[in-house]
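# Fold and contact review
The residues making up each chain are set out below.
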Amino acid sequence: MPAKPGRLGVGVIGAGKVGAVLGAALRAAGHAVVGVSAVSEASRDRAELLLPGVPVQQIPDIVERAELVLLAVPDDALPALVTGLAATGAWQAGQLVAHTSGRYGIGVLAPAKAAGAITLALHPAMTFTGMSLDLARLTDCSFGITAEPAMLPIAQALVVEMGAEPVVIAEADRVLYHAALAHSANHLVTLVAQAAQILGDIGVEAPNQVLGPLLRAALENALASGESALTGPVARGDTGTVAAHTEALREHALDTGSADIIDAYLALSAATATRAARRRLLSADAYLGVQAALTADDAGPATGAPEQTPPLDESD
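Going along each chain's sequence as written, the residues are numbered from 1 onward. Only residues with pLDDT of 70 or above have their local features reported here, since the model is predicted, and side-chain atom pairs are shown and tallied only from 80 upward, although totals for entire chains, interfaces and linings are computed over all residues. As a rule here, side-chain values come from all non-hydrogen atoms in the structure, and water together with hydrogens is ignored.

### Let's talk about the side chain of S269
Operational definition: The secondary structure listing takes helices from DSSP runs of H or I that are at least 4 residues long and strands from runs of E that are at least 2 residues long, numbered from the N terminus. In this description, contact between two residues means that some pair of their heavy atoms is separated by no more than 4.5 Å.
As for its placement among the helices and strands, S269 is situated in helix α12 (residues 259-278). Ignoring any residue separated from it by four or fewer positions in sequence, one finds S269 in contact with V234 and L294.

### With respect to the pattern of salt bridges
Applied cut-off: By salt bridge we mean one thing: a side-chain nitrogen of Lys or Arg within 4 Å of a carboxyl oxygen of Asp or Glu. Burial classes: relative accessible area under 20% of the type maximum marks a residue as buried, over 50% as exposed, and values in between as partly exposed (1.4 Å probe, protein chains only).
Taken as a whole and judged by the stated rule, the model has 6 salt bridges. Here D76 and R103 are joined by a salt bridge, their closest N and O atoms 3.1 Å apart. Of the two residues, D76 sits in the loop between β3 (68-71) and α4 (78-87) while R103 sits in the loop between β4 (96-99) and α5 (110-114), which places them 27 residues apart along the sequence. Of the residues examined, D76 reaches a relative accessible area of 67% and is grouped as exposed. Classification of R103 by relative accessible area gives partly exposed; the value is 35%.

### Focus: the environment of L26
Tracing the chain through its elements places L26 in helix α1 (residues 17-28). With 132 residues separating them in the primary sequence, L26 and L158 have C-alpha atoms 7.8 Å apart. Discounting residues that sit within four places of it in the chain, L26 has contacts with V10, H31, L68, L70, L158 and M162.

### Quick notes on unusual backbone geometry
In this structure, R280 takes a positive phi of about 60° despite not being glycine. Turning to its location among the elements, R280 is positioned in the loop between α12 and α13 (284-295). Judged by relative accessible area, which is 44%, R280 ranks as partly exposed.

See below:
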């Protein structure tokens, strides 16, 4: 079968969970993966699984052969890698150079651009396992893309070819964009782990079975309805329950040494109360009662209130 027009020779630098999957997705779209770098045994195994037949090569050799270089390396390693390759004259005029970092835009690729390369930032808003099931997940995934205006269609086309949806992110907004994703996905894992630990500590044999339906419903409702979907004792202004939670979690921290759980509960309950009050989902009196329950030093229900008033969102 003849190759589709506009097909590229793709070089994947970094056969981590992201690089190997995106390389496989580009290959499935008809591009030729001409080389992949893989240092660890796990990355070599991943490359063999997802990119069978693709030669494992040194980075300079990949850059020399590739029309599109996909840099799928950790954020902190990216600047030195781009600068180091520029110092050796590796970048080529007209070559596409794309990275998968959420934190950076195209500024980090300036040394490649100075050599005449076309620079793109393509960050998948997805958590990866590094297995073939990730390819199916790409069809329900968005990519945060950044490029010069004239080059945006190239970035958009590559993302669409992988089955995903491109979302344009301004260069100046990349860090906030990435912080939003990390705050949601990474901290969700922490919250689930903390909740599962508590249930396990009180003898629940299958915490995931208890949490699964609840968390899936909460996530679906939050995505569909935003903060209007908020339920629970903080949203109801049920200060007695909030105080009881606080007392029980303090005792749990003393028994288990897991102070991170009470710290997270207090911080997120306070944030939830503040956001609920702004949207007038929580009355001023209830807001103050919740804050008092969270800041009480004794183990019993809190009395009194902190010297603060709920911030209201005047736009609501």
